[in-house]
Amino acid sequence: MTDDRDARHNDKMRRVQAARRVMMESKTVEKGLLIVHTGAGKGKSTAAFGMAVRAMGHGMKVGVVQFVKGAMTTGEKAIFDAFPELIEFRAMGEGFTWDTQDRARDVAMARTAWEEVQRMLADPDIAMVIADELNIVLRYDYLPIDEVVAVATARAPMKHLVVTGRNAPDALIAAADLVTEMTQVKHPFRAGVKAQAGVEF
């Protein structure tokens, strides 16, 4: 009985392998991707930083610009700062808009951070740019979505751009090559657990 089951399984896996080979042989395009991580669930920035580590492991230089964030020290910045030849990490925010209470200043900070993203996109030595929490400033209309999409789609053909944050605008989603929506199933914050070092920051 076990021998029959193993034989059926092995036969099935051979057929799956053959089908996978045919499918993979049809994928021949190599290009820079516009990637969007959005949704209410935790892990959007974390996933982007995982991609940064992966790129760095291949010897690719990464640029990170954090919108909104910057008012507090984070574990990711501390570790990435140890590899200046492989990653340029710029935390350029002052906190969430409900804390800053100054829309004009928030808009100005968003503009400065966006100019830094554009500088990194124009740098031929940087293979991947992460615009962390850019979706937040787009949600609050701190930057024009048409301008952001135009710059994102005009980048160099092999340049990867990763955009994170809740509420990604439809125009950005439409322009993207890869969109992942993080879904919140359960979060300790709702049970009174505060943000903790090594998990949230």
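Nothing here was measured: the structure is a model prediction, and the numbers come from that model.

A.B. asks: Could you give me a rundown of the sheet that holds strand β4 (residues 126-132), with the residues and numbers involved?
C.D. replies: Spatially, β3-β2-β4-β5-β1-β6 is the arrangement adopted by the six strands of the open sheet, whose pairing is parallel. Two strands bound the open sheet, and with one partner strand each, they are β3 (87-91) and β6 (178-181). Geometrically, the sheet is characterised by an average inter-axis angle of 10 degrees between neighbouring strands, direction not taken into account. In the packing of helix α2 (residues 44-57) onto the sheet, the strands contacted are β1 (34-38), β2 (61-66), β3, β4 and β5 (160-164), and the crossing angle to β4 comes to about 170 degrees.

A.B. asks: Account for helix α5 (residues 103-122), naming residues and giving values.
C.D. replies: Here α5 contains 20 residues, and its C-alpha end-to-end distance of 29 Å stays within 8% of the 28 Å for a straight helix at 1.5 Å per residue. Taken residue by residue, α5 has Asp106, Ala110, Ala113, Trp114, Glu116, Val117, Met120 and Leu121 as its buried positions. Along α5, the residues classed as buried sweep out an arc of 155 degrees about the axis, all on the same side. Exposed residues pointing more than 90 degrees away from the buried face of α5 are listed as Ala104 and Ala122.

A.B. asks: Go over the pattern of salt bridges with me, naming the residues and quoting the values.
C.D. replies: In the structure shown here, the tally under the stated rule is ten salt bridges. Here Arg90 makes a salt bridge to Glu116, at a shortest N to O gap of 2.9 Å. Of this pair, Arg90 sits in strand β3 while Glu116 sits in helix α5, and the two are 26 residues apart along the sequence. Under the relative-accessibility criterion, Glu116 is labelled buried at 11%. Across the salt bridge formed by Glu147 and Arg111, the nearest N and O atoms sit 2.8 Å from each other. Placement of Glu147 in helix α7 (residues 145-153) and of Arg111 in helix α5 is noted, with a sequence separation of 36 residues between them. Residue Glu147 is classed as partly exposed on the basis of its relative accessible area, which comes to 24%. Assessed through its relative accessible area of 28%, Arg111 is described here as partly exposed. Overlapping salt bridges bring together Glu88, Arg90, Glu116 and Arg119 as one network.

A.B. asks: A description of the nonpolar core should follow, citing residues and the corresponding values.
C.D. replies: Nonpolar side chains in soluble globular proteins generally cluster together in the buried interior. Membership of the largest hydrophobic core comes to 29 residues, with the highest contact counts inside it found for Phe67, Val117, Leu134, Val137, Leu143 and Leu161. Listing elements by their share of this core, those giving two or more residues are β1, α5, β4, α6 (134-139), α7 and β5. Looking at this core, the element that brings in the most residues is α5, giving six residues. Apart from the residues within four sequence positions on either side, Val117 is in contact with Val65, Phe67, Val129 and Ala131. Of all hydrophobic cores here, the second largest spans 16 residues; its members include Ile35, Ala48, Phe49 and Met56.

A.B. asks: An account of the packing of α5 against α7 is needed here, citing residue identities and associated values.
C.D. replies: Pairs of packed helices are described in terms of their axes, by the angle between the two and the distance that separates them. One way to put it is that α5 packs onto α7 with a least axis distance of 11 Å and a crossing angle of 15 degrees. With respect to α7, the element α5 is oriented roughly parallel. α7 is crossed by α5, and the crossing has left-handed handedness. Across the interface between the two elements, Arg111, Trp114, Gln118 and Leu121 of α5 pack against Glu147, Val148 and Val151 of α7. Its residues assigned to classes, the contact of α5 with α7 comprises four nonpolar, one polar and two charged.

Cut-off values and rules
- Residues numbered from 1 in each chain as written.
- Predicted model: local features only at pLDDT ≥ 70, side-chain atom pairs only at ≥ 80, totals over all residues.
- Heavy atoms only, no water.
- Pairing = 2+ DSSP bridges.
- Helix = DSSP H or I, 4+ residues; strand = E, 2+ residues; numbered from the N terminus.
- Axes fitted to C-alpha atoms, helices over the stretch in contact; angles between N-to-C directions.
- Contact = heavy atoms within 4.5 Å.
- Expected span 1.5 Å × (residues − 1).
- Buried < 20%, exposed > 50% of the residue type's maximum accessible area, 1.4 Å probe, protein only.
- Arc of directions from axis to C-beta.
- Salt bridge = Lys/Arg side-chain N within 4 Å of Asp/Glu carboxyl O.
- Core = buried A, V, L, I, M, F, W, Y, C linked by side-chain atoms within 4.5 Å.
- Parallel < 35°, antiparallel > 145°, perpendicular 65-115°, else oblique.
- Left-handed = near helix turned anticlockwise from the far one by under 90°.
- Nonpolar A, V, L, I, M, F, W, Y, C, P; charged D, E, K, R; others polar.

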